[in-house]
Amino acid sequence: MARYRARGGLIAAYALVLGLVAVSALLALGASSDAPQAAEPVTPPPRWTGSLKLPPKPPPVFRTLALAEVAGMIEVTGDGLRLPQISPDGWMPWIAHSRRFDPAGPPARVGLLMINVGASEPLMQRAIDDLPGEVSLAFLPGTPELPRWLQRARERGHETYLMLPTPDPSGLAERGIRPIEASADTPENLRRLRSAMARGEGYVGFVVSSPGPVSQSEATLRPLIKEIADRGLAMVEINPTPDTAILHRLSVELGTGYARSTRVLDYKLASDGIAESLDRLVAWIGESGPDRMPRHAFGVVQPDNAAIDAIVAWYKRRPTPAVVSLVPIIGHFECRDACMARLGAQPAQLRP
């Protein structure tokens, strides 16, 4: 009887082993079936510990000057006038206060100058706030609160100028500024020029808007251009004629930066408007050829809503990439031998 019990125990143990083998086979079969399986652990790639390469930071639109450098370009006269001057360190205001631009852009250049800014405050505010920063602005020296508006224009990226106060045939009169006149003597005209200079700070130079008795008289102009050049300012002439060649010649002789334009875009000729005139100017500048130097020119407009709207619309539809660089008026200056000699006297880090 005991023998039968032992044999029964062996049979049961054998059956248990067979059962375990069968379960293992079923598990193996299930592993090879299409049943979803637990995902195997994935080893993550090693972490990248480098830093992203950021694009280069563009230089500031205007030079960043220390307070002492800015103060050095101001002379305070005995009667309290604050006049521009070449600083003891060599800074020339027409270089220091000009807007920077990328010289690596297309070599053909176009510019825009809005003159007589300040006669209307709403239009002045629109010009400062709405126009692209590349558009330069020339303010009437008699503009109320002129320093505040010059600073606001600079903050919006505009290079700034003052209009030379001369009698205007259009009837636009300065407020609180006596004009420079061919009939006045030299000391009086210099006093009037310095009075205009002292109305604001941070501008590049003066704009002569149209031919007249002052710009046609060398006796009147010579002491004025010398004063402007010796104080490190520049000159811009609008609508030069053979009769006003004196202004260009004196600028070359006395060593100041000089730019000129005959392209007044808001002349009402036939059906052309400002947009058409600007397109035509850009097309002429953009013409190229293997034996042709790159062209540059700037257009001039008066401050009105139509002009501002046309410039803003043109700016938005410029082609990309640009074939013509839009640069401030500083990009259209000439600087001949005497002017270059002045620049050469500056420390190297102060040169354009």
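These remarks concern the structure in this document.

**Regarding the overall build of the protein chain**
Scanning the protein chain for helices and strands turns up eleven helices and eleven strands. For the protein chain, the proportion of its 352 residues judged to be buried stands at 42%. The contacts in the protein chain between residues at least 6 apart in sequence include a share of 70% that link residues at least 24 apart. Entry remark: accessible area of the protein chain is about 19,400 Å², with carbon and sulfur atoms responsible for 59%.

**A closer look at the state of the cysteines**
Applying the stated criterion across every chain, the model contains one disulfide. Disulfide pairing places cysteine 335 opposite cysteine 339 at an S-S distance of 1.9 Å. In this structure, the disulfide formed by cysteine 335 and cysteine 339 twists by about -100° around the S-S bond and is classed as left-handed. For cysteine 335, a relative accessible area of 23% gives the class partly exposed.

**Regarding the pairing of strand 5 (residues 160-163)**
The alternating pattern of strand 5 places Thr160 and Leu162 and Tyr161 and Met163 on opposite faces, both of which are buried. Where strand 4 (residues 136-139) meets strand 5, three bridges bridge the pair, whose relative direction is parallel. Opposite alanine 138, over in strand 5, you have tyrosine 161 as the bridge partner. Handedness of the crossover joining strand 4 and strand 5 through helix 5 (residues 146-155): right-handed.

**Quick look at the environment of alanine 196**
Relative to the helices and strands, alanine 196 is located in helix 6 (residues 186-197). Once the C-alpha coordinates of alanine 196 and proline 141 are considered, the two residues, 55 residues apart in sequence, prove to be 5.6 Å apart. For alanine 196, the contacting residues outside a window of four places in its chain are Pro141, Leu162, Pro165, Ile177 and Phe206.

**So, the packing of helix 4 (residues 121-130) against helix 10 (residues 305-316)**
Running from N to C, helix 4 and helix 10 cross one another at 10°; their axes reach a closest spacing of 10 Å. On the basis of the axis angle, helix 4 is roughly parallel to helix 10. Of the residues in helix 10, those in contact with Leu123, Arg126, Ala127 and Asp130 of helix 4 are Asn305, Ile308, Asp309 and Val312. A class-by-class count of the residues in the contact of helix 4 with helix 10 yields four nonpolar, one polar and three charged.

**Describing the packing of aromatic side chains**
Applying the stated rule across the entire model yields two aromatic pairs. The ring centre of phenylalanine 62 lies 4.3 Å from the NZ or CZ of arginine 154, which sits over that ring. The ring of tryptophan 284 is capped by arginine 263, whose NZ or CZ atom sits 4.5 Å from the centre of that ring.

**Digging into the layout of surface pockets**
Computed from the structure, the largest pocket encloses a volume of approximately 450 Å³. In terms of lining residues, the largest pocket is bounded by 26 residues, among which Val70, His97, Gln151, Glu201 and Gly202 are the most central. Taken together, the elements giving at least two residues each to the lining of the largest pocket come down to strand 2 (82-84) and helix 5. Of the residues in the lining of the largest pocket, the class split is 14 nonpolar, six polar and six charged.

**Some remarks on the nonpolar core**
Formed by 56 residues in total, the largest nonpolar core has its most connected members in Met114, Leu131, Leu137, Phe139 and Phe206. When residues in this core are grouped by element, the largest group, six residues, is from helix 10. Residue contacts for leucine 137: discarding those within four places in its chain leaves Leu113, Met114, Val117, Ala127, Ile128, Leu131, Ala153, His158, Glu159, Thr160 and Tyr161. Core analysis: the second largest hydrophobic core is formed by 27 residues, Val204, Ala234, Ala259 and Ile330 among them.

**Quick look at the packing of helix 4 against helix 5**
Each pair of packed helices gets described by two things: the angle between the helix axes and the distance between those axes. It is the contact of helix 4 with helix 5, at a shortest axis distance of 9 Å, that shows an interaxial angle of 25°. Put simply, helix 4 runs roughly parallel to helix 5. Residues Glu121, Met124, Gln125, Ile128 and Asp129 of helix 4 lie in contact with helix 5, whose contacting residues are Trp149, Arg152 and Ala153. In terms of residue class, the contact of helix 4 with helix 5 is built from four nonpolar, one polar and three charged.

**Quick word on the pattern of salt bridges**
Applying the stated criterion to the full structure yields 22 salt bridges. Measuring nitrogen to oxygen at the nearest pair gives 2.8 Å for the salt bridge that ties arginine 192 to glutamate 188. Of this pair, arginine 192 and glutamate 188 both sit in helix 6, four residues apart, which is roughly one turn of the helix. For arginine 192, a relative accessible area of 5% gives the class buried. Bridged by salt links that share partners, the residues Arg178, Glu181, Glu188, Arg191 and Arg192 form one connected network.

**Remarks on unusual backbone geometry**
Put simply, threonine 320 and proline 321 share a cis peptide bond, and its omega is -5°. Residue asparagine 116 is not a glycine yet carries a positive backbone phi of 60°. Structurally, the position occupied by asparagine 116 is in strand 3 (residues 109-117). Non-glycine residue asparagine 239 carries a positive phi angle of around 60°. The topology assignment puts asparagine 239 in the loop between strand 7 (234-238) and helix 8 (245-254).

Rules behind the numbers
Residues numbered from 1 in each chain as written. Predicted model: local features only at pLDDT ≥ 70, side-chain atom pairs only at ≥ 80, totals over all residues. Heavy atoms only, no water. Helix = DSSP H or I, 4+ residues; strand = E, 2+ residues; numbered from the N terminus. Buried < 20%, exposed > 50% of the residue type's maximum accessible area, 1.4 Å probe, protein only. Contact = heavy atoms within 4.5 Å. Areas by Shrake-Rupley, 256 points an atom, 1.4 Å probe, with all protein chains shown as cover. Disulfide = S-S within 2.5 Å. Pairing = 2+ DSSP bridges. Right-handed = clockwise from strand over helix to strand, strands pointing away. Axes fitted to C-alpha atoms, helices over the stretch in contact; angles between N-to-C directions. Parallel < 35°, antiparallel > 145°, perpendicular 65-115°, else oblique. Nonpolar A, V, L, I, M, F, W, Y, C, P; charged D, E, K, R; others polar. Phe/Tyr/Trp six-rings, centres within 6.5 Å; stacked < 30°, edge-to-face > 60°. Lys NZ or Arg CZ within 6 Å of the ring centre and 35° of its normal. 1 Å grid on protein atoms, 1.4 Å probe; cavity = no way out; pocket = protein on both sides within 12 Å on 5 of 7 lines; lining within 4 Å. Points joined across faces, edges and corners; volume = space filled by probe spheres on them. Core = buried A, V, L, I, M, F, W, Y, C linked by side-chain atoms within 4.5 Å. Salt bridge = Lys/Arg side-chain N within 4 Å of Asp/Glu carboxyl O.

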